Amino acid sequence: MRPVGAPVVEPLLSVRGWNISWFSQQGRRNHVVNEVSFDLASGETLGIAGESGSGKSTLARALLGHARGGSRIESGSILLGGRDLVSLAPRALASLRGRDVAMVPQNPLSSLTFHLRVGAQVEEVLRHRAVLSPKAASLRSLELLTEMGLSEPERIAQRYPHQLSGGQRQRVVLACALACDPALLVLDEPTTALDKTTEAQVLELIQRLRRARRGAMVFVTHDLNVIAEICDRVMVMQHGKVVEEGRVQQDFG
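First things first, this report covers the structure right here in the doc.

What counts, and at which threshold
- Residues numbered from 1 in each chain as written.
- Predicted model: local features only at pLDDT ≥ 70, side-chain atom pairs only at ≥ 80, totals over all residues.
- Heavy atoms only, no water.
- Helix = DSSP H or I, 4+ residues; strand = E, 2+ residues; numbered from the N terminus.
- Rg over C-alpha atoms; globule rule 2.2 N^0.38 Å.
- Buried < 20%, exposed > 50% of the residue type's maximum accessible area, 1.4 Å probe, protein only.
- Contact = heavy atoms within 4.5 Å.
- Areas by Shrake-Rupley, 256 points an atom, 1.4 Å probe, with all protein chains shown as cover.
- Lys, Arg positive; Asp, Glu negative; His and termini not counted.
- Charge placed at Lys NZ, Arg CZ, Asp CG, Glu CD.
- Polar contact = N/O pair within 3.5 Å; in protein donor to acceptor, adjacent residues only side chain to side chain.
- Pairing = 2+ DSSP bridges.
- Axes fitted to C-alpha atoms, helices over the stretch in contact; angles between N-to-C directions.
- Parallel < 35°, antiparallel > 145°, perpendicular 65-115°, else oblique.
- Left-handed = near helix turned anticlockwise from the far one by under 90°.
- 1 Å grid on protein atoms, 1.4 Å probe; cavity = no way out; pocket = protein on both sides within 12 Å on 5 of 7 lines; lining within 4 Å.
- Points joined across faces, edges and corners; volume = space filled by probe spheres on them.
- Nonpolar A, V, L, I, M, F, W, Y, C, P; charged D, E, K, R; others polar.
- Disulfide = S-S within 2.5 Å.

Some remarks on the overall build of the protein chain
Thinking step 1. On a plain count of helices and strands, the protein chain comes out with 10 helices and 10 strands.
Thinking step 2. The C-alpha radius of gyration computed for the protein chain amounts to 19 Å, which stays within 12% of the reference 18 Å derived for 253 residues, consistent with globular compactness.
Thinking step 3. Residue burial in the protein chain is summarised as follows: out of 253 residues, 45% are buried.
Thinking step 4. Considering only residue pairs separated by 6 or more positions, the protein chain has 68% of its internal contacts joining residues 24 or more positions apart.
Thinking step 5. Carbon and sulfur atoms form 49% of the exposed surface of the protein chain, whose accessible area is close to 13000 Å².
Thinking step 6. Between the averaged position of the 30 positive side-chain charges in the protein chain and that of its 26 negative side-chain charges there is a distance of 5 Å.

A few points about the side chain of Gln-207
Thinking step 1. Structurally, Gln-207 can be placed in helix 8 (residues 196-212).
Thinking step 2. A distance of 2.8 Å separates a polar side-chain atom of Gln-207 from the backbone oxygen of Glu-229.
Thinking step 3. Once you skip the residues sitting within four places of it in the chain, Gln-207 turns out to touch Glu-229 and Ile-230.

Remarks on the pairing of strand 7 (residues 184-188)
Thinking step 1. With five of five residues buried, strand 7 lies mostly within the body of the structure.
Thinking step 2. Along strand 7, one buried face is formed by Leu-184, Val-186 and Asp-188 and the opposite face, lined by Leu-185 and Leu-187, is buried too.
Thinking step 3. Bridge count between strand 6 (residues 101-104) and strand 7: four bridges; the pairing is parallel. When the bridges of strand 7 are listed, Val-104 appears paired with Leu-187.
Thinking step 4. Note that strand 7 and strand 8 (residues 216-221) share five bridges and pair parallel.

Some words on the packing of helix 4 (residues 118-128) against helix 5 (residues 134-147)
Thinking step 1. It is the contact of helix 4 with helix 5, at a shortest axis distance of 8 Å, that shows an interaxial angle of 120 degrees. Put simply, helix 4 runs oblique to helix 5. Crossing angle aside, the handedness with which helix 4 passes helix 5 is right-handed. In contact with Gly-119, Val-122, Glu-123, Leu-126 and Arg-127 of helix 4, helix 5 contributes Pro-134, Ala-137, Ser-138, Arg-140, Ser-141, Leu-144 and Leu-145.

Side note on the layout of surface pockets
Thinking step 1. Reported here for the largest pocket is a volume of approximately 640 Å³.
Thinking step 2. Broken down by secondary-structure element, the contributors of at least two residues to the lining of the largest pocket are strand 6, helix 4 and helix 7 (166-178).
Thinking step 3. Within the lining of the largest pocket, the residues separate by chemical class into 10 nonpolar, six polar and four charged.
Thinking step 4. The volume enclosed by the second largest pocket comes to roughly 270 Å³.

Section: the state of the cysteines
Thinking step 1. All chains considered together, the criterion is met by zero disulfides.
Thinking step 2. A disulfide-free cysteine, Cys-180 has its sulfur positioned 10 Å from the sulfur of Cys-176, the nearest such atom.
Thinking step 3. Under the relative-accessibility criterion, Cys-180 is labelled buried at 17%.

Re the sheet that holds strand 2 (residues 29-40)
Thinking step 1. Overall, antiparallel pairing links the four strands, which are arranged 2-1-4-5 in an open sheet. At either end of the open sheet lies a strand with only one pairing partner, and these are strand 2 and strand 5 (83-84).
Thinking step 2. Pairing of strand 1 (residues 13-23) with strand 4 (residues 71-80), which is carried by eight bridges, proceeds in the antiparallel orientation. When the sheet's bridge partners are listed, Ile-20 is paired in strand 4 with Ile-73.

What follows is the structure in structure tokens.
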């Protein structure tokens with residue numbers, strides 16, 4: 001119960017009645033996200049868990065206004081900072097990505113441009129999204145690579161994605177995602193493609209970033225142990241529906 005006179009704090013992210021369907025070539029409809037609703041406050045981390053096909057990654061992409069081919073948003077709203085992403089024009093929605101909301105996908109190699117040096121890719125985000133000068137973007141990109149725990153950032157910046165390890169690539173992707181300090185960071189199974197040792201190192205980095213940032217995070221995974229380690233709240237999905245949700249301390253304590 002909210003104390004009398006306490007200010008009402010609006011959630012950073014508010015999802016209401018979210019429904020997404022996929023359609024086959026024969027026109028058959030399959031509900032992949034069904035009546036999902038939740039709120040997320042600034043500084044809070046929500047873990048979304050579920051088996052493959054539960055709809056968790058589809059929901060995560062929808063938080064950036066993305067929809068896979070063959071899918072359709074049936075109904076619902078996603079309010080980010082009070083703005084409904086569903087009602088935004090494509091150009092306005094695109095302008096939010098990277099600045100207000102950013103994503104870290106499963107496979108860092110596929111999300112990086114193979115023929116560009118990784119330093120140039122971080123600089124590109126800073127020039128076009130944060131509107132920094134080329135010199136300022138170059139300096140800031142090295143700072144970000146350092147903050148992501150990459151030693152010898154000048155050397156790393158000159159390498160191409162295929163010349164880096166999986167853990168190094170994921171750290172570069174994190175640098176790109178955090179370049180403009182977005183209010184909401186969505187991580188879609190960011191350690192799935194990593195070995196256990198590297199996974200532990202990247203999770204430690206994400207935990208450190210979580211403590212240092214004031215923004216909200218949505219962490220998608222099939223591993224409840226990961227959610228217990230880094231999330232404040234958990235939401236479990238099955239067949240497109242939310243079947244359980246609560247605070248991590250209560251559910252895993």
